[in-house]
Amino acid sequence: MSLLVLLLSVGAACCTGFGFVLQQDAARRAPPRDFLSPRLLLDLMRVPSWLAGIGLMICGMALGALALGQGEVSVVEPLLATNLLFALALSRYFTGQRLGRQGWGGLCLLAGGVTAFLLGGQPRGGEAVTEPLRHWLVIGLVAGLALALTAFARHPRAPWTPTLLGVAGGLLNGLQDALTRVSGLRLAEGGWGALFTGWQPYALVVMGVTSLIIVQSAFEAGPLRMSLPGLTAAQPLAGIVCGIGFLGDQVRTDTGALAWQASGLAAIVAGIVLLGLHPAMPEGKEKHGATAADRLMLDGPHDTG
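The following refers to the structure shown.

Reading guide: rules and limits
- Residues numbered from 1 in each chain as written.
- Predicted model: local features only at pLDDT ≥ 70, side-chain atom pairs only at ≥ 80, totals over all residues.
- Heavy atoms only, no water.
- Helix = DSSP H or I, 4+ residues; strand = E, 2+ residues; numbered from the N terminus.
- Rg over C-alpha atoms; globule rule 2.2 N^0.38 Å.
- Buried < 20%, exposed > 50% of the residue type's maximum accessible area, 1.4 Å probe, protein only.
- Contact = heavy atoms within 4.5 Å.
- Areas by Shrake-Rupley, 256 points an atom, 1.4 Å probe, with all protein chains shown as cover.
- Lys, Arg positive; Asp, Glu negative; His and termini not counted.
- Charge placed at Lys NZ, Arg CZ, Asp CG, Glu CD.
- 1 Å grid on protein atoms, 1.4 Å probe; cavity = no way out; pocket = protein on both sides within 12 Å on 5 of 7 lines; lining within 4 Å.
- Points joined across faces, edges and corners; volume = space filled by probe spheres on them.
- Nonpolar A, V, L, I, M, F, W, Y, C, P; charged D, E, K, R; others polar.
- Phe/Tyr/Trp six-rings, centres within 6.5 Å; stacked < 30°, edge-to-face > 60°.
- Polar contact = N/O pair within 3.5 Å; in protein donor to acceptor, adjacent residues only side chain to side chain.
- Salt bridge = Lys/Arg side-chain N within 4 Å of Asp/Glu carboxyl O.
- Expected span 1.5 Å × (residues − 1).
- Arc of directions from axis to C-beta.
- Axes fitted to C-alpha atoms, helices over the stretch in contact; angles between N-to-C directions.
- Parallel < 35°, antiparallel > 145°, perpendicular 65-115°, else oblique.
- Left-handed = near helix turned anticlockwise from the far one by under 90°.

**Concerning the overall build of the chain**
1) Next: Scanning the chain for helices and strands turns up 12 helices and zero strands.
2) Next: Along the chain, helices and strands appear, N-terminal first, in the series α-α-α-α-α-α-α-α-α-α-α-α.
3) Next: Taking 2.2 N^0.38 as the reference for a compact globule, 305 residues should give roughly 19 Å; the C-alpha atoms of the chain span a radius of gyration of 19 Å, in line with that estimate.
4) Next: Counting only C-alpha atoms and orienting by the principal axes, one finds that the chain spans roughly 55 × 40 × 35 Å.
5) Next: The buried share among the 305 residues of the chain stands at 51%.
6) Next: Of the contacts made within the chain by residues no fewer than 6 positions apart, 86% connect residues no fewer than 24 positions apart.
7) Next: In the structure as shown, the chain presents an accessible area of about 14,000 Å², 68% of it carried by carbon and sulfur atoms.
8) Next: Mean positive and mean negative side-chain charge positions of the chain (19 and 17 charges, respectively) differ by 7 Å.

**Quick look at the layout of surface pockets**
1) Next: The calculated volume of the largest pocket comes to roughly 930 Å³.
2) Next: Around the largest pocket sit 35 residues that line it, and Met61, Ala62, Gln176, Asp177 and Thr180 are the ones nearest its centre.
3) Next: Only α1 (3-27), α3 (48-70), α8 (161-196) and α9 (200-221) provide two or more residues apiece to the lining of the largest pocket.
4) Next: Taken together, the residues that form the lining of the largest pocket break down as 20 nonpolar, 13 polar and two charged.

**Observations regarding the packing of aromatic side chains**
1) Next: What the rule picks out here adds up to four aromatic pairs.
2) Next: Between the aromatic rings of Phe18 and Phe86, the centroid separation amounts to 6.2 Å while the plane-to-plane angle is 90°, which identifies the pairing as edge-to-face. Residue Phe18 is found in helix α1, and its partner Phe86 is found in helix α5 (residues 83-95); the two are separated by 68 residues along the sequence.
3) Next: Phe18 gets classed as partly exposed once you look at its relative accessible area, which sits at 26%.

**Things to note about the side chain of Gln24**
1) Next: If you trace the backbone, Gln24 turns up in helix α1.
2) Next: Within the structure, Gln24 has its side chain in polar contact with the backbone oxygen of Gly222 (distance 3.3 Å).

**Topic: the side chain of Thr232**
1) Next: Along the chain, the position of Thr232 falls in helix α10 (residues 224-246).
2) Next: Its relative accessible area of 2% is what places Thr232 among the buried residues.

**Here we look at the pattern of salt bridges**
Side-chain pairs of opposite charge can arise whenever the charged atoms involved come near each other.
1) Next: Applying the stated criterion across every chain, the model contains six salt bridges.
2) Next: Note that Asp34 is salt-bridged to Arg33, the shortest N-O span being 4.0 Å.
3) Next: Taking the relative accessible area as the measure of exposure, Asp34 reaches 0% and is therefore buried.
4) Next: In this structure Arg33 comes out as exposed when scored by relative accessible area, which is 56%.

**Quick notes on α5**
1) Next: In this model α5 runs 18 Å from its N-terminal to its C-terminal C-alpha over 13 residues, within 8% of the 18 Å that 1.5 Å per residue would give.
2) Next: Every buried residue of α5 is accounted for by Asn83, Leu84, Ala87, Leu88, Leu90, Ser91 and Phe94. Summarising the axial view, the buried residues of α5 lie within an arc of 165°, below the 170-degree limit, and thus occupy one face.
3) Next: At the exit of α5 stands Gly96, carrying a positive phi of roughly 75°.

**A few points about the packing of α8 against α9**
1) Next: Direction vectors running N to C along α8 and α9 enclose 160°, while the axes themselves pass 8 Å from each other. Overall, the two elements α8 and α9 adopt an arrangement that is roughly antiparallel. Note that α8 runs across α9; the crossing there is left-handed.
2) Next: Class assignment of the residues belonging to the contact of α8 with α9 gives a composition of 18 nonpolar, 12 polar and one charged.

Right under this line is the structure:
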């Protein structure tokens, strides 16, 4: 893994994590009638903090695309999962909550899990699979699971709705990352003509709008601590499945390496859950009629100790 891929991936995670906090702060105040509807995006476009969050997310997507152009999906995706660290940092700045044992434990698990997976698996590039059936089987599995979870989460007041929508959005984001890698390869090999004669760029647009509606609906339906862990955990898992499934990514498959990879992925998920449930993460309901961003502008940041 090159230093450039590391810097681009962590930069993308930073922008994405900060953007998630700002987006959720706006989306949780959206009208209930907008749930899982394109109207949600139209209403949120009028909120400056949401636009700032989207701007950060776009920067994160651009940096992530550059990272995917230089490195394998199986390398970049675990690094992108560190966006939760930056989301927690901004939330902690708003709330003044200390990290405590839960925060430090989650941080160590996430960082250690990423390290264990990368060192154990030693992901490397290979020949992309050209068999269309395998492409569509993997894509259908990931996209189908995301749509099924969305269908089960059509009741905005159900307690499991934010989590299910977060996982669905994460699955689509991981699939987007894989298709971004494919689009980059087509562009590098055949130029703009080869890129726009393929279906991948158009699928990316449709998938991007769909995942944005799903994620913003998850933010609207409940606190960030209910949606962000699933969103953050599902994205690298889906990306790794696509990377190995049809992009030709290769990892070590001996017993010791598989054990390290499995333990690394388990640690990543456990760390994400611990950090996502941390008290510093914003609540779903407004307190005293002001948002975290409003309180920050009025009172200044709390003492973070």
